[in-house]
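Next come the chains, spelled out residue by residue.
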Amino acid sequence: MRNLSLFFILFLISACSVFQGPYRTVPMAPGESAQEHFKVGKKYMIATQGRYSTSAGKKMMELGGNAMDAAAAVSFVISVERPQSTGLGGGGFLLYWQPGMESPDAYDFREKAPLLAKKNLFLDKEGNEVPRKSLDGIFAGGVPGLVAGIIESHQKYGKLPLATVIGPAIELAEKGFPVYTELAKALNYRQDTLKSFPASEKIFFKKGKILKEGDLLVQKDLAKTLKAIQKNGRDGFYKGWVAKAIVAEERRRGGLIRMNDLRRYNVVKRKPMKGTYKGNDVYSMSPPSSGGIHVIQILNTVEPLNLGHYGIQDARTVHYTASAMQQAFADRARYLGDSDFVSVPIKELTSKEYAKKIRAKIPADRPLTKEEVGHGEFDGYESPETTHFTIMDAEGHVVTSTQTINGYFGSALVIPGTGIVLNNEMDDFATKVGAKNLFGAVGGRNNLVEAEKRPLSSMSPTIVLKDNRPVLAIGTPSGTRILTCVAQTLLNYLEHKAPLVNAVSAVRYHQQWFPDELRVGEFGLNKETEDKLRAMGYKINHKNLGCRVQAISFENGELIGVSDPRGQGMADGE
Ligand code: GLY
């Protein structure tokens, strides 16, 4: 199947509404072209969720830069191009690999809770959650880490000057660009909250009306902030006039971020999670992301079942994979949090022995109920936004990074004079034990708010090596669905041997323990599979998952780039 020519697959994806082969794949999103989403190159490949972003990455390569120069340029441009998803007021994770490394570097530039933050920040005097306090406005924002993370990783591995890699973002913010479909939808969705903050209204409204598709979005204040970073590096954001503007707004609105929080913000270089799958080494993000641990746990659970014999969307494949996801989310709620603050049983959760115990509990003919799925016992011991991009060159340098301000437009609060949209990542903490976040995921005590702690994430930038050479790098946005979309794409490619285009465009499903349902994404699985699953007892909920996988593989000397056909984006290279 992997040998189907790319041309034939492109024809199927662009020509058909839904491809009904041995498994269902989605068609291109309206207005998007297969030629822009799937590319084959010999030298390098870049897959992002934005045309300007991919083009900026290419420009760096043409200027003699490397994968990290391209990654830094993409990160700054995507902050301008996708203000609904990511930005200077957010954070993220990045995995970097170059030949000769023992394992990839994992950069953690996740937001941190301010020093003044307390466990009960989002509760009233009776201990009840204050509606939307962790989602909208000043308290929703953690101390941003994106600028520090991009500068630190670029300083270590980039070749071009910071002034060069930040140039395209400044130009785009100053000149502006027409609002595209996804941005228009997000603006429409968040317009009431954006309107309640004058600095947000100034940018995203025209004559009292929210910008609509085709209107020009110009971000002059953001260009000024980018110029401050261009001139003074990290200090241009964490000290000086930008930092003062952030703290002034925090104080004015009774918020908690102070100069000291900004000065102390630290990027952490972590050891990535490592798993194996049938002769491949799988590296993904470590805590404070739950992503890497649970991607590996899901792969471990299904590995010996050889689901490739059944096929990608056979009811048995879906049943065992969904059951593995269900268990992962029960463990996530119990154990996961920032490992700098709480002890996370990483070795146990990612072990093949634990996976064997999970498999033994899964009945062949029915799903487990949510009550039957307890978390593992070990001795001693997240509106779906965010964005992802992947870059790989033929020599084997790889950057894969997920960056976010959490929900659409984060907290919806723009810091006056800076163009910075403040994240609402504080909602990724458990506001109290058992409370659900924006993505309906249950939170546990390990993920309660604490000063300087990083909220639990699902972001899973992942690199797969075979014989010490990168063969696949992927990631996606979409809250808790990130880790199940990444795990499924890995299985589609590594276990079911689907061509990368199909591995990404195959219809996906998601099980996160609570709610007790099998969520099936765009266009659904074929009827026969869904009928069988219902007969087994599955409650199927057809609801888009929001994932937009950006993937690059290295096959027979060629780099194949795929930007998920479900959304806007572009893969390009040479
Ligand atoms: N804010 C989404 C995540 O970090 O998983």
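For the structure itself, consult the block above.
The shown structure was predicted, so the numbers you read here are calculated from the model rather than taken from an experiment.

A look at the pattern of salt bridges
Per the counting criterion, the structure on display carries 43 salt bridges. The closest approach of N and O atoms between Arg-132 and Asp-136, which form a salt bridge, is 2.6 Å. Two residues, Arg-270 and Asp-340, come together in a salt bridge whose shortest N-O distance is 2.8 Å. Of this pair, Arg-270 sits in strand β11 (residues 268–270) while Asp-340 sits in the loop between α15 (315–335) and α16 (346–349), and the two are 70 residues apart along the sequence. Given a relative accessible area of 11%, Arg-270 falls into the buried group. Its relative accessible area of 48% is what places Asp-340 among the partly exposed residues. Each of the salt bridges in this network shares a partner with another, and the network as a whole consists of Arg-82, Glu-182, Arg-508, Glu-522, Arg-548, Asp-564 and Arg-566.

Some thoughts on the environment of Ile-391
Mapping Ile-391 onto the fold places it in strand β14 (residues 387–393). Owing to a relative accessible area of 0%, Ile-391 belongs among the buried residues under this scheme. C-alpha separation for the pair Ile-391 and Leu-533, spaced 142 residues apart in sequence, amounts to 38 Å. Setting aside residues up to four positions removed in sequence, Ile-391 forms contacts with Met-45, Ile-46, Met-61, Ala-67, Ala-70, Ala-71, Val-74, His-397, Val-398, Val-399 and Ile-552.

Regarding the site of the ligand
If you check the shell around the ligand, you find eight residues, and the closest are Asn-406, Glu-425, Asp-428, Ser-457 and Ser-458. Asn-406 has a polar side-chain atom sitting 2.7 Å from a nitrogen atom of the ligand. Between an oxygen atom of the ligand and a main-chain N or O atom of Ser-458, the distance comes to 2.8 Å. Alone, the ligand offers 200 Å² of accessible surface; in the complex the protein occludes 100% of this.

Digging into the state of the cysteines
Going through the model one piece at a time under the given rule, you end up with one disulfide. Covalent S-S linkage joins Cys-485 and Cys-547, the inter-sulfur distance amounting to 2.1 Å. Its S-S torsion of approximately 85 degrees makes the covalent link between Cys-485 and Cys-547 right-handed. Of this pair, Cys-485 sits in helix α18 (residues 481–494) while Cys-547 sits in the loop between β22 (540–542) and β23 (550–555), placing them 62 residues apart in sequence. Assessed through its relative accessible area of 0%, Cys-547 is described here as buried.

A look at helix α4 (residues 67–81)
Between its first and last C-alpha atoms α4 spans 20 Å; for 15 residues at 1.5 Å apiece the expected length is 21 Å, and the two agree. Across the 15 residues that make up α4, a large majority, 15, are buried. If you check the start of α4, you find a side-chain oxygen 3.0 Å away from the backbone N of Met-68, and it comes from Asn-66.

Structural notes on the sheet that holds strand β5 (residues 91–97)
Taken in spatial order, the seven strands line up as β11-β6-β5-β15-β14-β4-β25 in an open sheet, and their pairing is antiparallel. The sheet is open, and its two borders are formed by β11 and β25 (570–573), each paired with just one other strand. Strand-to-strand twist across the sheet, computed as the mean angle between neighbouring axes with direction ignored, equals 15 degrees. Where β5 lies against strand β6 (residues 105–109), five bridges are found, and the strand directions are antiparallel. Residue pairing across strands places Leu-94 opposite Tyr-107, the latter belonging to β6. Lying over the sheet, helix α3 (residues 51–62) contacts β4 (44–48), β14 and β25, oriented at roughly 155 degrees with respect to β4. This element, α4, spans β4, β5, β14 and β15 (398–404) of the sheet and lies at about 160 degrees to β14.

What about helix α12 (residues 240–252)?
Compared with the 18 Å implied by 1.5 Å per residue over 13 residues, the 18 Å span of α12 between its first and last C-alpha is a close match. Along α12, the residues that are buried comprise Val-242, Ala-243, Ala-245, Ile-246, Val-247, Glu-249 and Glu-250. Those residues of α12 that are buried are in contact with α10 (220–232), α11 (235–238), α13 (259–264), β16 (414–415) and β17 (420–421).

Quick notes on the sheet that holds strand β19 (residues 469–474)
Spatially, seven strands are ordered β3-β24-β23-β19-β18-β13-β12 in an open sheet, and the strand pairing comes out antiparallel. The open sheet has two edge strands, β3 (38–41) and β12 (273–277), and neither has a second partner. Strand-to-strand twist across the sheet, computed as the mean angle between neighbouring axes with direction ignored, equals 20 degrees. In this structure, strand β13 (residues 280–284) lies alongside strand β18 (residues 462–466), joined through four bridges in antiparallel fashion. Bridge pairing in β18 links Tyr-283 to Ile-463. Together, β12 and β13 form the strand contacts of helix α14 (residues 291–302), whose direction differs from that of β12 by roughly 20 degrees.

Cut-offs and rules
Each residue is numbered by its place in its chain's sequence as written, counting from 1. Side-chain atom pairs in this predicted model are given and counted only at pLDDT of 80 or more, local residue features only at pLDDT of at least 70, and totals for whole chains, interfaces and linings cover all residues. Each side-chain value is worked out from all heavy atoms of the structure, with water and hydrogens disregarded. Any carboxyl oxygen of Asp or Glu that lies within 4 Å of a side-chain nitrogen of Lys or Arg is treated as forming a salt bridge with it. By the criteria applied, helices consist of DSSP H or I runs no shorter than four residues and strands consist of E runs no shorter than two, each listed in order from the N terminus. Note on classification: 1.4 Å probe, protein chains only; a residue is buried when its accessible area is under 20% of the maximum for its type, exposed when over 50%, partly exposed between these limits. By the convention used here, residues are in contact when the closest approach between their heavy atoms is within 4.5 Å. By convention in these notes, a residue is near a molecule or strand provided one of its non-hydrogen atoms lies within 4 Å of it. N or O atoms within 3.5 Å of each other form a polar contact, as long as, within protein, one can give a hydrogen and the other can take it, and as long as residues adjacent in sequence are counted only when both atoms are side-chain atoms. Computed with the Shrake-Rupley method and a 1.4 Å probe, the accessible areas treat only the protein chains shown as cover for residues. The disulfide definition used here is simple: a pair of cysteine sulfur atoms within 2.5 Å. Helices are assigned an expected span. That span is 1.5 Å times one less than the residue count. We call two strands paired when DSSP finds no fewer than two bridges between them. Angles run from 0 to 180 degrees between N-to-C directions of axes, and those axes are lines fitted to C-alpha atoms, restricted for helices to the stretch in contact.

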